[in-house]
Amino acid sequence: MALTKNNKQKKKVSLYLITMGSVLIIMSIFAVVVQLIGYYAFTKTFENEYNETVYRIAELASGNVRYMDLAEYLECDYDEIQELVALEYDEYEKECESKGEKPDFDKYYKAVSYQVQEEDIQDICNTMNMSVIYIIIPDEDYEHYTVVFDCLNENNKLDKWRLGDVKETTNDDYKEAYKNIYENGSKKEIIERYDNLGQGRPHITALVPLYNKNNELMGILSVQRYADKLTSARKNFAQGVGAIAVILIIIIFIIEAKLLRNAVLKPIKVVSEEAGRFAKENTKGSSDLRDNNYSVKEIYDLASAIEKMEEDTIENIEKTKKIVGEQERIGADLALASRIQFSMLPMDDVFIEDKEEFDIQAVMKPAREVGGDFYDFYMISDHELVIEIADVSDKGLGAAFFMAITKTLIKSRAGMGGDASDIIAYVDKLVSEENEAGMFVTVWFAIINLQTGYVRVCNAGHDYPAIMKDGKDFVIEKTPHGPPIGFLPGAEFIDYDFYISPGDRIFLYTDGLNEAKRSDGERFGLDRVLSVLNSEKNASNKELIAAMKDSLAMFVGNEPQFDDMTVLSFSFIKYYEPKLRIKNKR
């Protein structure tokens, strides 16, 4: 009878099995969710970059044929053009004389012009690795179109279309694109084709309108790029993330298994023996029971006795150790974060050591171990310099992380070229999409042409700079600006520009400078900033920044710093003179 009762008792389940099963399920779900989200974000970003690149190439190619009359080319015969361009004009004249014909200069010029334009477009196609660039004139119903130029990539195996060939528009997407350009005034059409291509390869096509000298629409330039790399990148991303997820799950599973094995199964015997010993001796043992985890059965049998006998002494000691250890860990993490943040800032002395055209110095002083201010300067071409300064809407680790993302995005996008407002708008779009914390950052971003002194600026809600021109005093002028990055998703950003000459200077700062206050609540203010700048306007950038720091320190006294403070001082020394490069002819 006793045996029967024991068999009817509910079987205990090991905590080891419960925990390991839960870890495996949670990590698997997490890995799948992360992979799906990452794949979607990666694909969208890569697609947008792919499309934008093709469109930029179309814009570049359209500049080579702008304001030409494509209809005039259609009056020519392609074979005749090839025969004419094979001759020098003198040879052409002699050939005409031998035939008793009068040389037609206009026809010869038109043939040469066509050949030059075709070679330019072909060079762009090969250099930019586009699959094909072609120019067409659609019919009124868009069912057919006439070919003017067809430049295939040197590795493209398709048959080349000839001047004057009439082709059928076989895809409704292209018909709609032609209609949008001709009837709706569209300046840009992007067609993505990944499916239902038969023997064709996935590709992206950008279409832009072409106008003659009278600003009349005369045709369409199309740039096509195979999307093999995009497709491959998607596949590699999915496989890579999947592989990493599996590896991480395995590693975490193994680590968790070891922890549970060492912390649960092995200490059970020690816990039982310690409970018996403590009941007899009423003294603290040498072992720390909290280092052990418990299976369900042992926790059920021993938990009450352990908590009653050792809770006060053991828990207090362990809590103290935990608090101290956590503080040490946080301090170490903050120190590491501070070193990483400062390592991200450019080294001004190293940067300018071989630069004769300008001098630049900057200093950042966070209010805490890490901050949300940053500055940057770098060359995006041999004569174009970017300088920028920014201030995140918060302080501490969150602001530092937000700062690092924004700084990286701006530098990455600036290297692709474009207006200052385009660069800031691009970064604003990416930041706004994943900005659940609602943080934003003010940015003053400028591209300085060292060859001309032309400065293009986009001010995204930042303080106005102090500028010194023609040896006069520094002044602060209110110039056009937009909202901070991440503040208003979809907001428009605007540019403004001006020229600087050798001897001119630009001083940038965050509001941690002018809004610094002393014990009576008075702010340092822009008047004091200008006073220091103008009293030291002939000093070097290092000396100017040092004077500003000394003046600020004297003003605030012992009052603690409440906001991050960053300053950047730029001096234009002389215009950039490009070095003459001699091309080797082969």
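Residues numbered from 1 in each chain as written. Predicted model: local features only at pLDDT ≥ 70, side-chain atom pairs only at ≥ 80, totals over all residues. Heavy atoms only, no water.

Draft legend 1. Structural detail: the pairing of strand β16 (residues 565-572). In terms of residue burial, β16 counts as a mostly covered element, since 8 of its 8 residues are buried. Residues M565, V567, S569 and S571 point to one face of β16 and T566, L568, F570 and F572 to the other, with burial holding for every one of them. The sheet contact formed by strand β7 (residues 358-365) and β16 spans 8 bridges and is antiparallel. Across the sheet, residue I360 finds its bridge partner in β16, namely F570. The sheet contact formed by strand β15 (residues 505-509) and β16 spans 5 bridges and is antiparallel. Directly across from F507, in β16, lies its bridge partner S569. (Buried < 20%, exposed > 50% of the residue type's maximum accessible area, 1.4 Å probe, protein only. Helix = DSSP H or I, 4+ residues; strand = E, 2+ residues; numbered from the N terminus. Pairing = 2+ DSSP bridges.)

Draft legend 2. Quick look at helix α12 (residues 397-414). Taking 1.5 Å per residue as the helical rise, α12 with its 18 residues ought to reach 26 Å, and the 26 Å between its terminal C-alpha atoms agrees with that figure. For α12, the set of buried residues is A399, A400, F402, M403, A404, T406, K407, I410, R413 and A414. (Expected span 1.5 Å × (residues − 1).)

Draft legend 3. Inspection of the packing of aromatic side chains at higher detail. Applying the stated criterion to the full structure yields 17 aromatic pairs. For the ring pair Y145 and W161, a centre distance of 5.9 Å and an interplane angle of 50 degrees mean the geometry is tilted. In this pair, Y145 sits in strand β2 (residues 144-152) while W161 sits in the loop between β2 and β3 (166-168), placing the two residues 16 residues apart along the sequence. Looking at W161, the relative accessible area reads 24%, which means it is partly exposed. Consider the rings of Y496 and F498, whose centres lie 6.2 Å apart with planes at 25 degrees: the pair is stacked. By the burial criterion, Y496 is buried, and F498 matches it. Of note, R201 hangs over the ring of Y226, and the distance from its end group to the ring centre comes to 3.8 Å. (Phe/Tyr/Trp six-rings, centres within 6.5 Å; stacked < 30°, edge-to-face > 60°. Lys NZ or Arg CZ within 6 Å of the ring centre and 35° of its normal.)

Draft legend 4. Examining the sheet that holds strand β6 (residues 217-226) more closely. The 6 strands lie next to each other as β3-β2-β1-β6-β5-β4, forming an open sheet whose pairing is antiparallel. The strands lining the two open edges of the sheet, one partner per strand, are β3 and β4 (189-193). Each strand of the sheet is rotated relative to its neighbour by a mean of 35 degrees, with strand direction disregarded. In this structure, strand β5 (residues 203-211) lies alongside β6, joined through 9 bridges in antiparallel fashion. The residue of β6 that forms the bridge with P209 is I220. (Axes fitted to C-alpha atoms, helices over the stretch in contact; angles between N-to-C directions.)

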